[in-house]
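# Structural features, examined
Chain by chain, the residues:
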Amino acid sequence: MNEAQKRFGQIYDDNIDKVYRFVFLKVNSKEVAEDLTAEAFTKTWKVFEKKFNQKKSLENPEAFCYRTARNLVIDHYRRQGRRQTVPVESVTLASNENLEKKVAVTSDMEMVMKAIKNINSDYQDIIIWHYLDELSVSEVAEIMGKSEGATRVMVHRALESLKNVLEA
Amino acid sequence: MKEIINQIESLREIKPDSFWVSSTRGKIFEEKESFSFNFFSKPAMATFATLSFVTVLMFSAQTANPGDTLYLVKKMTEKSRFALVPQESKQDLDFLLAHRRLDEVSEIVRKQEIEKLSLAIKELESVKSRMQKNFAQSVESKPREEAVKIAKNLAPAVLEIEDKEELLIGSLGVVTDTNLSSSTAKELAFFLIQDYQERSLTEMDQVLFDKAVKEFENESYRSALRTVLEIGQVREVE
C-alpha cells in the first residue's frame, strides 16, 4: 500500500459510516446506499490520488466525498423519477443493546426518518450533516456551496421544519 | 428542540455492514490496478482509430516506390521488421528486401519515372551493402566448416539477385558502382576460393579451381562464384 492509499484509507475509515448513513437516509435502500457510497468514495479516491501524484492535495476530502455522494443521490432520483418510503427493517443496528432499548431506538428512528423524508431535500441534508454527523456550520456551508450566514439560517429553519412535521 | 435532536441522534445506530465496509475499501484501491477495456470509451475509440489509420497507412505504403511520399513509411516498416527478426533470419530478410528493391526499379522503369531511378538504384545498393556486411558478421565467429556451409547456402540467392540486377540495370544502359554491384558475390567467391586453396583437390576439382581463380582475377566475380560452387557439388557427390 503506497502513501496515498494509506492517507486515503484513514479518510475512508473516518467517514465511511457517516457517508453511508447520509446516503441510506436519502435513498432508503441498503443495496443502493452501498452502491452509491462505494461510488462516492471511488470518485473521491481518484481525485485524491491524481492530486497526490501531482504533489498537490485535495482540500477537505470529507466535504468532497459528501458533495459527490449528494450528487450521486440526486442522479439516482433523476433516474428513478420518484422517492421511496423508509423500510426501517433494513436498518442495521450497530450495538448489542437489549430488546427493549432496541425497540425504543427503532421507534425513534422510524419516526424521525419518516419525518426527515417529509421536509425539503436541502433541509434533510442539513439535518443529517449538522445534527447527525456533527459537521460545523462552516463545513456544511462548504459542502452546499453557500455562505456561512445563509447556512446558519438554513440550519435553524431545517430544525424548525422537522419539528413541525414531527408534531403534526 | 433538545428532544428532536436526541431523536435525530438515534439515527447514528444506522451503520453499514462491516464486511461491505472492508471489501469496499479493498475494491477502491484495486479498481485502478485491474485494467478493463471498454471498446466504446473515448480513449478506446481513439486508439482503435489510430491503429486503423496506421494499418491502412502501412498497407498502402507497401506499394510505394522511392521518391513517393509513403516510401518512408515502407522503409520504417522494414526497419522495424529487420530489428525484430533473430540474427539467423536477417540474411533471408535481406534477400527478400533486395528482391523488393529490384521490383521497385522494375516498376519505375515500367512507369517511365526516370527521375526516381537513381533513388531506386541507391536503395538497392544500400540493401546489398548490408547483405555483404551481414555475411561478414555471420561467418566472423563461426568455425570454418560452418562458415563455408553458410557461404554455400547464400550463394544461389546472391547470384539470383545479382543476375536479376544485371538484366534490369543493364537493359537501361545505366552505369552503377561495379565494385558494389557484385560485392556480395565477390565476398563469397573469395571466401570459398580461400577454403579450397587449403584443401587437397581431385584433378577435376583442380581444373575448376584454377578456372575460378582466373575468373576472380578478371573481376568476373559471379562467374567465379558459380565455378567454385560447381567444385563443391562434385566433391559432395563423391
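Residues numbered from 1 in each chain as written. Chains lettered and ligands numbered in written order. Predicted model: local features only at pLDDT ≥ 70, side-chain atom pairs only at ≥ 80, totals over all residues. Heavy atoms only, no water.

## Let's talk about the pattern of salt bridges
Enumeration according to the criterion identifies 34 salt bridges over all chains in this entry. Note that Arg-7 of chain A is salt-bridged to Glu-3 of chain A, the shortest N-O span being 3.2 Å. Note that Arg-7 of chain A and Glu-3 of chain A are positioned in helix 1 (residues 3-27) at a spacing of four residues, about one turn of the helix. Glu-3 of chain A gets classed as partly exposed once you look at its relative accessible area, which sits at 39%. Its salt-bridge partner being Asp-68 of chain B, residue Lys-116 of chain B comes within 2.6 Å of it at the nearest N-O pair. You can see Lys-116 of chain B sitting in the loop between helix 5 (87-111) and helix 6 (117-140) and its partner Asp-68 of chain B sitting in the loop between helix 3 (42-61) and helix 4 (71-84), a full 48 residues away along the chain. Classification of Asp-68 of chain B by relative accessible area gives partly exposed; the value is 26%. Residues joined by salt bridges that share partners form a network here, namely Lys-128, Glu-162, Asp-163, Glu-165, Arg-222 and Arg-226 of chain B. (Salt bridge = Lys/Arg side-chain N within 4 Å of Asp/Glu carboxyl O. Helix = DSSP H or I, 4+ residues; strand = E, 2+ residues; numbered from the N terminus. Buried < 20%, exposed > 50% of the residue type's maximum accessible area, 1.4 Å probe, protein only.)

## Side note on the interface of chain A and chain B
Contacts between chain A and chain B engage 44 residues on the former and 23 residues on the latter. Of the roughly 3200 Å² buried between chain A and chain B, counting both surfaces, carbon and sulfur atoms make up 68%. Three residues stand out in chain A for area buried against chain B, namely Tyr-12, Arg-21 and Leu-132 of chain A, and they jointly supply 17% of the buried area on that side. Our count for the chain A to chain B interface comes out at three salt bridges. Between Asp-17 of chain A and Lys-15 of chain B there is a salt bridge, with its nearest N and O atoms 3.6 Å apart. There are eight residue pairs in polar contact (both at pLDDT 80 or more) connecting chain A and chain B. Among the secondary structure elements, those contributing two or more residues to the side of chain A that touches chain B are helix 1, helix 2 (30-53), helix 4 (99-117), helix 5 (121-132) and helix 7 (148-167) of chain A. Ranked by residue count, the leading element in the side of chain A that touches chain B is helix 1 of chain A, at 12 residues. Its residues assigned to classes, the side of chain A that touches chain B comprises 25 nonpolar, seven polar and 12 charged. (Contact = heavy atoms within 4.5 Å. Buried area = accessible area lost by both parts, 1.4 Å probe. Polar contact = N/O pair within 3.5 Å; in protein donor to acceptor, adjacent residues only side chain to side chain. Nonpolar A, V, L, I, M, F, W, Y, C, P; charged D, E, K, R; others polar.)

## Quick notes on the nonpolar core
Counting residues in each nonpolar core, the largest one holds 59 residues, and the members touching the most others are Val-23, Ile-127, Trp-129 and Leu-162 of chain A together with Ile-8 and Leu-11 of chain B. Take this core: its biggest share by element is 12 residues, from helix 1 of chain A. Both domains that meet at this core, namely domain 1 (1-86) and domain 2 (98-168) of chain A, each give it at least three residues. If near-sequence neighbours (up to four positions away) are discounted, Leu-162 of chain A is found in contact with Val-112, Ala-115, Ile-116, Ile-119 and Ile-127 of chain A together with Ile-4 and Ile-8 of chain B. Ranked by size, the runner-up nonpolar core spans 45 residues in total, among them Phe-82, Met-131, Ala-147 and Ala-189 of chain B. (Core = buried A, V, L, I, M, F, W, Y, C linked by side-chain atoms within 4.5 Å. Domains from an automatic or database assignment.)

## Brief notes about a nonpolar patch on the surface
On the surface, Phe-53, Val-54 and Met-58 of chain B cluster together into a nonpolar patch covering about 270 Å² of accessible area. Tracing the chain through its elements places Met-58 of chain B in helix 3. (Patch = residues over 30% accessible without salt bridge, like charges linked within 9 Å, V, L, I, M, F, W, Y side chains within 5 Å. Areas by Shrake-Rupley, 256 points an atom, 1.4 Å probe, with all protein chains shown as cover.)

## Points about the packing of aromatic side chains
Summed over the entire model, instances satisfying the criterion amount to 15 aromatic pairs over all chains. Ring geometry for Phe-8 of chain A against Phe-41 of chain A: centres 6.5 Å apart, planes inclined by 75°, an arrangement best described as edge-to-face. With a gap of 33 residues between them, Phe-8 of chain A in helix 1 and Phe-41 of chain A in helix 2 connect regions that are remote in the sequence. Like Phe-8 of chain A, the residue Phe-41 of chain A is buried in the burial classification. Ring centres of Phe-8 of chain A and Trp-45 of chain A lie 5.4 Å apart, and the angle between their planes is 45°; this geometry places the pair in the tilted category. Of this pair, Phe-8 of chain A sits in helix 1 while Trp-45 of chain A sits in helix 2, and the two are 37 residues apart along the sequence. Here a set of aromatic residues connected by ring pairs shows up, and it is made of Phe-8, Tyr-12, Phe-41, Trp-45, Phe-48 and Phe-52 of chain A together with Phe-29 of chain B. The lysine or arginine in question, Arg-130 of chain B, covers the ring of Phe-82 of chain B, its NZ or CZ lying 4.2 Å from the ring centre. (Phe/Tyr/Trp six-rings, centres within 6.5 Å; stacked < 30°, edge-to-face > 60°. Lys NZ or Arg CZ within 6 Å of the ring centre and 35° of its normal.)

## Section: helix 1 of chain A
Count 3.6 residues to each turn of an α-helix, and residues three or four apart come out pointing the same way. Residue and element names in this part refer to chain A. The first and last C-alpha atoms of helix 1 sit 34 Å apart over 25 residues, in line with the 36 Å expected at 1.5 Å per residue. The largest bend along helix 1 reaches roughly 50° and is located at Asn-15. Put simply, Asn-2 is the residue that caps the front of helix 1, since its side-chain oxygen is 3.2 Å from the backbone nitrogen of Ala-4. Where helix 1 terminates, the next one or two residues include Asn-28, which has phi positive at roughly 60°. (Expected span 1.5 Å × (residues − 1). Bend = angle between axes of the 7 residues up to and from the residue.)

## Examining the confidence of the model for chain A
Residue and element names in this part refer to chain A. Across chain A, the average pLDDT comes to 84, with 85% of residues at or above 70. Taken element by element, chain A is modelled with least confidence in helix 4, mean pLDDT 72, and with most confidence in helix 2, mean pLDDT 92. Considering only residues more than four positions removed or in separate chains, one finds that residues 84-90, a stretch of pLDDT under 50, has 15 contacts. (pLDDT = per-residue confidence, 0-100.)

## Considering the packing of helix 9 (residues 183-197) of chain B against helix 10 (residues 203-217) of chain B
Each packed pair of helices is defined by two parameters, the angle between the axes and the distance between the axes. Residue and element names in this part refer to chain B. In the contact formed by helix 9 and helix 10, the axes pass within 11 Å of each other and the chain directions differ by 145°. In this structure, helix 9 crosses over helix 10, and the sense of that crossing is left-handed. Here Lys-186, Ala-189, Phe-190, Ile-193, Tyr-196 and Gln-197 of helix 9 come into contact with helix 10, specifically with Phe-209, Ala-212, Val-213 and Phe-216. A class-by-class count of the residues in the contact of helix 9 with helix 10 yields eight nonpolar, one polar and one charged. (Axes fitted to C-alpha atoms, helices over the stretch in contact; angles between N-to-C directions. Left-handed = near helix turned anticlockwise from the far one by under 90°.)

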